[in-house]
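Overview (structure and organization)
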Amino acid sequence: MSYNTYIGASIEKRVAPNIPRRSCDFNSIHACNNESCYSCTGRVYSTLIQHLNNDIAPTDSDGCLRGSTLQKAVEQDRKNGFHPCCVIATFGTTGICSFDKVEEIGDVCQKESIWLHIDAAYAGTALICPEYRYLMKGIEKVDSFNFNPHKWMKVNSDCSALWFKDTTHVEQLNTNREKPINKSSTTPEIQLWQIPNCRRFRALKLWFVLRINGVKGLQKHVRQQVGLAKHFESLVRSDERFEICTSNLGVVTFRLKGLDDLTNSLLERIHQDKKLFVAPYLHKQKFVIRFVVCSSFTEQSDIENSWNQIKNHANKIVVPKRKRKGFSATRSLKRNVNLNEAKMKS
Ligand SMILES: *Cc1c(COP(=O)(O)O)cnc(C)c1O
């Protein structure tokens, strides 16, 4: 299962024209999203839009939400008397950086009159490189799109960039009743595109990053980071004890072959050592470790150093195939492994 979302912003116009304003029964409105997306999305539904139902749509084996799955969910909802109003598709999920099929989902949303928002928090930065733009096929069918330059575009936290295809829906949410919408103004009334009327000023730091690095500099940064992740992937692949589970942009997930307990104890050892920060994730019912390249200062030597640490920890769990010279602890290791296996079986 995975989660990609339906929400209820300008519900009455665009999404559920037959629900009267204010008297709308929120229990009948549905939101839906992708599981490997981000934990906060779920919390948004349970706190901000308390009464809105949030559905989790299953994804395919690559962790992507497909149009056909969404279509079925929408039909089921309508049959049950619900009003699907918004889909939040994920462009680069937090767990494995998978990409929902925007084009397929967009077709369903257009046909069913459902707002389509894209959460591209991390991976949105990659779109600065033309070679990754194929991933955003169908973007013209999207109503709103958000990415966080503070995640991967060298801007310090926080800075989120949000685009609307048509801002009039959002302007209608204007909570500042004293300030009517100025139809004749040619400057966008940005303070009306949100619930509060003011925000901290983030445009300048974004502007500085763009000016200092330039498009070329940012492209180079993305390519370098993806290259480092690929380098890590190849190091993991070179060791028979390991398997790569996913590898997308700067996010690589891997595990020790065999029982989950092996990978789990590897993770425990890495955490106890406190030198490397990696996180666990459950992918296709298997325990995996996420390795993410995200600091602007990461270099090839850091990747190699990280891999050596992981390998050394793994040596304490699974004996390396080829015995290395001076590797004298083999016998006690074997005993440990046997003990571990016995523990797992019991
Ligand atoms: C990280 C992430 C978020 C949240 O980002 P913040 O930095 O907390 O604003 C949302 N969605 C996805 C897919 C993410 O990876």
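Residues numbered from 1 in each chain as written. Predicted model: local features only at pLDDT ≥ 70, side-chain atom pairs only at ≥ 80, totals over all residues.

Time to look at the overall build of the protein chain. Within the protein chain one finds 10 helices and 10 strands. Residues classed as buried in the protein chain amount to 35% of the 346 residues present. (Helix = DSSP H or I, 4+ residues; strand = E, 2+ residues; numbered from the N terminus. Buried ≥ 20, exposed ≤ 12 C-beta atoms within 10 Å, placed from the backbone.)

Here we come to helix H8 (residues 260–273). The periodicity of an α-helix, 3.6 residues per turn, causes residues three or four places apart in sequence to face the same way. Compared with the 20 Å implied by 1.5 Å per residue over 14 residues, the 20 Å span of H8 between its first and last C-alpha is a close match. Within H8 the residues assigned to the buried category are Leu 262, Thr 263, Leu 266, Leu 267 and Ile 270. Down the axis, H8 shows its buried residues gathered within 135° of arc, on one side only. Among the structural elements, strand E8 (251–256), strand E9 (279–283), strand E10 (286–292) and helix H9 (300–315) are those in contact with the buried residues of H8. Once H8 ends, the next one or two residues include Lys 274, with phi positive near 60°. (Expected span 1.5 Å × (residues − 1). Arc of directions from axis to C-beta. Contact = placed C-beta atoms within 7 Å.)

What follows deals with the environment of Tyr 132. As for its placement among the helices and strands, Tyr 132 is situated in the loop between strand E4 (115–119) and strand E5 (144–147). Taking the C-alpha atoms as reference points, Tyr 132 and Leu 249, separated by 117 residues in sequence, lie 9.4 Å from one another. Sequence-distant contacts of Tyr 132, that is, excluding residues within four places in its chain, are made with Ala 126 and Leu 127.

Turning next to the pairing of strand E7 (residues 242–248). In terms of burial, E7 is largely enclosed, as five of its seven residues are buried. The sheet contact formed by E7 and E8 spans six bridges and is antiparallel. Across the sheet, residue Ser 247 finds its bridge partner in E8, namely Val 252. From the end of E7 to the start of E8, which pair antiparallel, there are two residues, and Leu 249 there has a positive phi angle of about 50°. (Pairing = 2+ DSSP bridges.)

Let us now look at the nonpolar core. Formed by 63 residues in total, the largest nonpolar core has its most connected members in Leu 70, Val 87, Ala 89, Ile 105, Leu 116, Phe 254 and Leu 266. With six residues, helix H7 (residues 203–237) is the largest single contributor of residues to this core. When we break this core down by domain, the ones giving at least three residues each are domain 1 (11–147) and domain 2 (215–345). When neighbours within four sequence positions are excluded, Ile 105 is seen to be in contact with Leu 65, Gly 67, Leu 70, Val 87, Ala 89, Asp 100 and Leu 116. (Core = buried A, V, L, I, M, F, W, Y, C linked by C-beta atoms within 7 Å. Domains from an automatic or database assignment.)

Here we come to the packing of H7 against H9. Close contact between H7 and H9 brings their axes to 10 Å; oriented N to C, the two are set at 30°. Classified by the angle their axes make, H7 and H9 are roughly parallel. Relative to H9, H7 is oriented so that their crossing is right-handed. Residue-level contacts link Leu 228, His 231, Phe 232 and Leu 235 of H7 to Gln 300, Ile 303 and Trp 307 of H9. Here the residues of the contact of H7 with H9 are counted per class, giving five nonpolar, two polar and no charged. (Axes fitted to C-alpha atoms, helices over the stretch in contact; angles between N-to-C directions. Parallel < 35°, antiparallel > 145°, perpendicular 65-115°, else oblique. Left-handed = near helix turned anticlockwise from the far one by under 90°. Nonpolar A, V, L, I, M, F, W, Y, C, P; charged D, E, K, R; others polar.)

Okay, the UniProt feature "modified residue: N6-(pyridoxal phosphate)lysine" (unreviewed entry) in the protein chain next. Taken from the UniProt record, the annotation "modified residue: N6-(pyridoxal phosphate)lysine" (unreviewed entry) applies to Lys 151. Summarising the element assignment, Lys 151 is placed in helix H5 (residues 149–152). With residues near it in sequence (within four places) discarded, Lys 151 still touches Ala 121, Tyr 122 and Thr 125. (UniProt positions renumbered as here; feature names shortened; annotations may be inferred.)

Let's shift gears to unusual backbone geometry. Looking along the chain, the bond that leaves Ser 157 and enters Asp 158 is cis, with omega of -5°. As for its placement among the helices and strands, Asp 158 is situated in the loop between H5 and strand E6 (161–164). At Lys 154, a residue that is not glycine, the phi angle is positive and equals roughly 70°. The class for Lys 154 is partly exposed, based on 19 C-beta atoms found within 10 Å. With a phi angle near 60°, Lys 274 is a residue other than glycine that sits in the positive phi range. Secondary-structure assignment places Lys 274 in the loop between H8 and E9. Overall, Lys 274 belongs to the exposed group, with 7 C-beta atoms counted inside 10 Å.

What follows concerns the pairing of strand E3 (residues 83–90). The element E3 is largely enclosed, with a buried count of eight among its eight residues. Relative to E4, E3 is paired through five bridges, and the arrangement is parallel. Within E4, the residue paired with Ile 88 across the bridge is His 117. Read from E3 through helix H4 (residues 102–112) to E4, the crossover connection turns out right-handed. (Right-handed = clockwise from strand over helix to strand, strands pointing away.)

Let us now look at the sheet that holds E7. Judged by pairing direction, the sheet is antiparallel, and its four strands sit side by side in the order E7-E8-E10-E9 without closing on themselves. Here the strands that pair on one side only, and so sit at the sheet edges, are E7 and E9. Along the sheet, successive strands turn relative to each other by an average axial angle of 35°, direction set aside. Relative to E10, E8 runs antiparallel, the two sharing four bridges. When the bridges of E10 are listed, Val 251 appears paired with Val 292. Helix-sheet contacts for H7 involve E7, E8 and E10, and the interaxial angle to E7 is about 160°.

What follows is about the confidence of the model for the protein chain. Summarising the model, the protein chain shows a mean pLDDT of 80, and 72% of its residues fall at 70 or more. The lowest-confidence element of the protein chain is helix H1 (residues 11–15), averaging 31 in pLDDT; the highest-confidence one is E8, averaging 98. This model gives residues 42–51 a pLDDT under 50, and the stretch forms nine contacts once residues within four places in sequence are excluded. Note that residues 327–337 has pLDDT below 50 and, in this model, seven contacts with residues that lie over four places away or in other chains. (pLDDT = per-residue confidence, 0-100.)

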